[in-house]
Structure formats: C-alpha cells, structure tokens
Amino acid sequence: MAKPTILLHIDCDAQASSFDAIVALDVGVQQLITRSNVQPSQIQSLIHGTIFTRGPADLKNTAVFIGGSEVAESDTLFAAAQKCFFGPMRVSIMSDPNGCNTTAAAAVLACQRHINLDNRRVVILGGTGPVGQRIAQIITALNLNTEVVIGSRRIERAQAVIKRVVNHLGKSDSNFTSDLQPQLTPAALISPSEALAVASNADVIFSAGAAGVEFLDERWPETQASVLIDLNAVPPAGIAGIDATTAGTEINGKICYGAIGVGELKMRIHKQAIRRLFESNDQVLDTQAIYQIGASLQADKQC
Ligand SMILES: NC(=O)c1ccc[n+]([C@@H]2O[C@H](COP(=O)([O-])OP(=O)(O)OC[C@H]3O[C@@H](n4cnc5c(N)ncnc54)[C@H](OP(=O)(O)O)[C@@H]3O)[C@@H](O)[C@H]2O)c1
C-alpha cells in the first residue's frame, strides 16, 4: 500500500506561515509536519528524518517545503537541506520564502502573456525586496538581452541586488555566462517624479515595493510602457489607479495587473509545485524551476 504523502514544512520564523500550510493541505498533502524557528544547525537532523524513514521507492511520498519571511535565512536553510542528500537518499524540496518565488514567477509570466521580453527595457520599482529580486533573476536567466533596471531609494542597495543576482545565476545556472548577461542597471529613486523619470522609457514596469507605498502617481500614462504590473495589494496602490483586482485590463492604452490579478496564477503555480514534489524524490524547486512550472501551466492554458 502506498505510504501517505508527508510534507515537512520548515520555516525560519517564530510562527510558521499559515498560508503555506493551508496551500499544502488544500493540494491534498496527507500529513503536514511544521517546524518553526528553524536554525541552520537543526537542518541536518530534520532532513535525515525525512530520508532515512522510508525505503527509496517510497521517498517520493515525503517532501520538504522551506519558507519564512526572512529570505536570506530561508535560502540558507534551503542550501543546507540539499547538502544532506546523497545518492538515492533524497526527497523533493521547494523554496518559497514569503511567496517570493511563486509571486515573481507569476508576475513575469503575466507580463509575457502580452509582450515578448527580447531586447526590452524592464523597470522594477522597489526592486530590492524579495519579490523584485526574484523578478530580476528570472528575467536575467531568460537571456533575452532585456535591460533590467532595479529601483531603490539607495543606489547601493540596488547595486548589491545586482551582484547577488549575478552571483546566484553564475553558481546555479550552467547556461549563464557573463557575456549572455543582459544589462542589470541600478537606479536611485525616492519621489514619484524620480520613479516616473526612470520608468518613462520602460517597456514593462513592475511595482514590487513594500505594501501600501505608492511608487508611480497618476502621471504614469506618460510612460511608454505597454505593460504595468503592481504587486502591492495594500492601499494605496503602488501604481496610482491600478486596482488590486485588475487582471490584464487595458487602462489608458496599457495592459495592467494588480496584486490579486497576478495572485490567481501565483496560487496555481504554488499548488502545482506542491503536487510536483510528490512525483519523484529528486525535485529541487528553486526560483527557476518554479518559473518553469508556471510557464508550463500558462502554455497548457493557451493550448
Ligand atoms: N500578489 C501576491 O501574491 C504577493 C505575494 C507576496 C508579496 N506581494 C507584494 O509584493 C510586494 C513586494 O514584496 P516584497 O516582500 O518583495 O516587498 P518588501 O521587501 O516589503 O519591499 C520591497 C522594497 O520596497 C522598498 N521600500 C520599503 N519601504 C518603502 C517606502 N516607504 N518607500 C519607498 N520604498 C520602500 C524597499 O527598497 P529600498 O529600501 O531599496 O528602497 C524594499 O526593499 C509587496 O507589496 C507585497 O505585499 C504580493
């Protein structure tokens, strides 16, 4: 008889995400084991518990999800967990700290429904947060010669994100070489007028700043952008007048999405990724893999 599906839900926060737990149960995970406040030193025993309890044929019914609101800490746990696997002694694993991978994947895919990113200029307002960084990483990894501008109140923060994205892709993506690297550019912007100036000649604008912060005021129709995506669901909107529920609607001649408009695809990606974990015991669902899952979902829907 097949063993029940078990998801070990590891979270670096004192209180593990109820959102991530509910999604797992909604997808049909039979047993959810949640561990909060997990430190890197505790990872080995947790992962050994998953790989040494079932025979190799049953390991695909055990999987690990790593979340938490501190993305750097969660990434450290994700890397540490993978180091515990060897040979067939492994289980599938997914990383989605604070939903940044699933949200960024959905945002990029929503945009790609309307515009080909080849040789375009993309501006990410509030681009230094987890979601903005992952959007930059996904687009950079596509190697489409897209210029990606990372906006921040402090230029050094944007420069640090660029360094992190390039380092990360250099290590994790064998197809990534610096000569294929699209232009990643930092931009300092504090006021809506500065944001408008930086975004004025963008083809695509992502507003990925903190909840409740307006980045572009009502002058945004002056930009040449054909797609604008605001990921902030908390009023006021990140882009004035783009309601959170907007989903691919044309406003002032431009395609617009709000956070809930992108959220539908984000939820489908998250659920499909959890299902994928139980297809085999060797899945590693990082930013790029999660984007690929979303791309397949989107391609299926378009067929
Ligand atoms: N739709 C969904 O399913 C979904 C899921 C997850 C998140 N979200 C939303 O996506 C957005 C991005 O999430 P995140 O976690 O990456 O955001 P975050 O880390 O909270 O903020 C992103 C960036 O915003 C800038 N920022 C913070 N406070 C600011 C202020 N008062 N004025 C101007 N800039 C400010 C900061 O950049 P600098 O300090 O470098 O300027 C920060 O790095 C949020 O609005 C979040 O609520 C949506």
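Keep in mind that what you see is a predicted model, and the values were worked out from it rather than measured. (Residues numbered from 1 in each chain as written. Predicted model: local features only at pLDDT ≥ 70, side-chain atom pairs only at ≥ 80, totals over all residues. Heavy atoms only, no water.)

Here we take up the site of the ligand. Neighbouring the ligand are 20 residues; Thr-128, Ser-152, Arg-153, Arg-157 and Gly-209 lie closest to it. For the ligand, an oxygen atom lies 2.7 Å from a polar atom in the side chain of Arg-157. One nitrogen or oxygen atom from the main chain of Gly-209 is found 2.8 Å from an oxygen atom belonging to the ligand. For the ligand, whose free accessible area comes to 920 Å², the fraction covered by protein is 74%. When contributions to the shell around the ligand are tallied by element, the ones reaching two or more residues are α5 (130-141) and α8 (259-277). Of the residues belonging to the shell around the ligand, the class tally is 9 nonpolar, 8 polar and 3 charged. (Near = heavy atom within 4 Å. Polar contact = N/O pair within 3.5 Å; in protein donor to acceptor, adjacent residues only side chain to side chain. Areas by Shrake-Rupley, 256 points an atom, 1.4 Å probe, with all protein chains shown as cover. Helix = DSSP H or I, 4+ residues; strand = E, 2+ residues; numbered from the N terminus. Nonpolar A, V, L, I, M, F, W, Y, C, P; charged D, E, K, R; others polar.)

With that out of the way, let us pick up the pairing of strand β8 (residues 204-207). What you see with β8 is no split at all: Val-204 and Phe-206 on one side and Ile-205 and Ser-207 on the other are buried throughout. The sheet contact formed by strand β5 (residues 121-125) and β8 spans 4 bridges and is parallel. From the neighbouring strand, Val-123 faces β8, where its bridge partner is Ile-205. Direction of pairing for β8 relative to strand β9 (residues 227-230): parallel, over a ladder of 4 bridges. Bridge pairing in β9 links Ser-207 to Asp-230. (Buried < 20%, exposed > 50% of the residue type's maximum accessible area, 1.4 Å probe, protein only. Pairing = 2+ DSSP bridges.)

With that out of the way, let us pick up the sheet that holds strand β6 (residues 147-152). In spatial order, the strands read β7-β6-β5-β8-β9-β11-β10; together these 7 strands make up an open sheet with mixed pairing. In this open sheet, the two strands that pair with only one neighbour each are β7 (184-188) and β10 (247-251). Ignoring which end each strand starts from, the neighbouring axes of this sheet average 20° apart. (Axes fitted to C-alpha atoms, helices over the stretch in contact; angles between N-to-C directions.)

The values reported here are purely geometric and, on their own, carry no functional implication.
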